[in-house]
Amino acid sequence: FKLRNAWKSRVKSQPPEVQTVLSSIRHDVIRTDRDRKLFAKSSSPYLECLYNVLATYVLSHKGAQYVQGMNEFAAVFLEVFSGESENSEADAYTCLESYLRLVTALFDPTGLALKFSHFQALLHRYDSLLFEHLQASGCGSLI
């Protein structure tokens, strides 16, 4: 809760770009899947928890950007921990942070190049006919 309280105490003095990000988060939170029992009512206190989780993540990670759809991941984590303890918001934040650290690395340009390289090696080893066909067809750069 320290991270959340830190940005909340300074929210009014944040630059316009931060206010824009917070507004985007608020809009996505409102659009969170209402078929989920936890978020079915617009008066659900968990909507504010979800907003807090997302805003805390973005504002406490230098260079992090909010991407539409992050709310759906955070909603799952919040749903899992809801009712477990008074720390469900903090627990959901911790899971979101860990998850995003993992998937962000997957989209790093060097990480992607390495994964494609591994995929090519596996394809060559386990289906050399397809690998050779793709190479001969000029599709080698696509694999």
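Every value quoted in this text rests on a predicted model; they were computed, and no experiment measured them.

Caption draft 1: Structural view of the layout of surface pockets. Looking at the largest pocket, its volume works out to about 180 Å³. If you trace the largest pocket, you find 12 residues lining it, with Val67, Met70, Phe73, Leu100 and Val103 closest to the centre. Tallying contributions element by element places helix α5 (residues 88-106) first for the lining of the largest pocket, with 4 residues. Classifying every residue of the lining of the largest pocket gives 8 nonpolar, 4 polar and no charged.

Caption draft 2: Main features of the packing of aromatic side chains. The full count for this structure, using the stated rule, is 2 aromatic pairs. Summarising the aromatic geometry, the rings of phenylalanine 73 and tyrosine 99 are spaced 5.0 Å apart at their centres and angled 35 degrees between planes, so their arrangement reads as tilted. Here the residue phenylalanine 73 occupies a position in helix α4 (residues 70-81), and tyrosine 99 occupies one in helix α5, the gap between them amounting to 26 residues. Tyrosine 99 gets classed as partly exposed once you look at its relative accessible area, which sits at 27%. Through a chain of ring-to-ring contacts, the aromatic side chains of Phe73, Phe77 and Tyr99 assemble into a single cluster.

Caption draft 3: Inspection of the packing of helix α3 (residues 45-60) against α4 at higher detail. Orientation of α3 relative to α4, taken along the N-to-C sense of each, is 120 degrees, at an axis distance of 10 Å. It follows that α3 is oblique to α4 by the angle criterion. Relative to α4, the crossing made by α3 is right-handed. Listed contacts from α4 to Tyr46, Cys49, Leu50, Val53, Leu54 and Tyr57 of α3 are Met70, Asn71, Ala74, Ala75 and Leu78. Of the residues in the contact of α3 with α4, the class split is 10 nonpolar, 1 polar and no charged.

Scoring rules and cut-offs
Residues numbered from 1 in each chain as written. Predicted model: local features only at pLDDT ≥ 70, side-chain atom pairs only at ≥ 80, totals over all residues. Heavy atoms only, no water. 1 Å grid on protein atoms, 1.4 Å probe; cavity = no way out; pocket = protein on both sides within 12 Å on 5 of 7 lines; lining within 4 Å. Points joined across faces, edges and corners; volume = space filled by probe spheres on them. Helix = DSSP H or I, 4+ residues; strand = E, 2+ residues; numbered from the N terminus. Nonpolar A, V, L, I, M, F, W, Y, C, P; charged D, E, K, R; others polar. Phe/Tyr/Trp six-rings, centres within 6.5 Å; stacked < 30°, edge-to-face > 60°. Buried < 20%, exposed > 50% of the residue type's maximum accessible area, 1.4 Å probe, protein only. Axes fitted to C-alpha atoms, helices over the stretch in contact; angles between N-to-C directions. Parallel < 35°, antiparallel > 145°, perpendicular 65-115°, else oblique. Left-handed = near helix turned anticlockwise from the far one by under 90°. Contact = heavy atoms within 4.5 Å.

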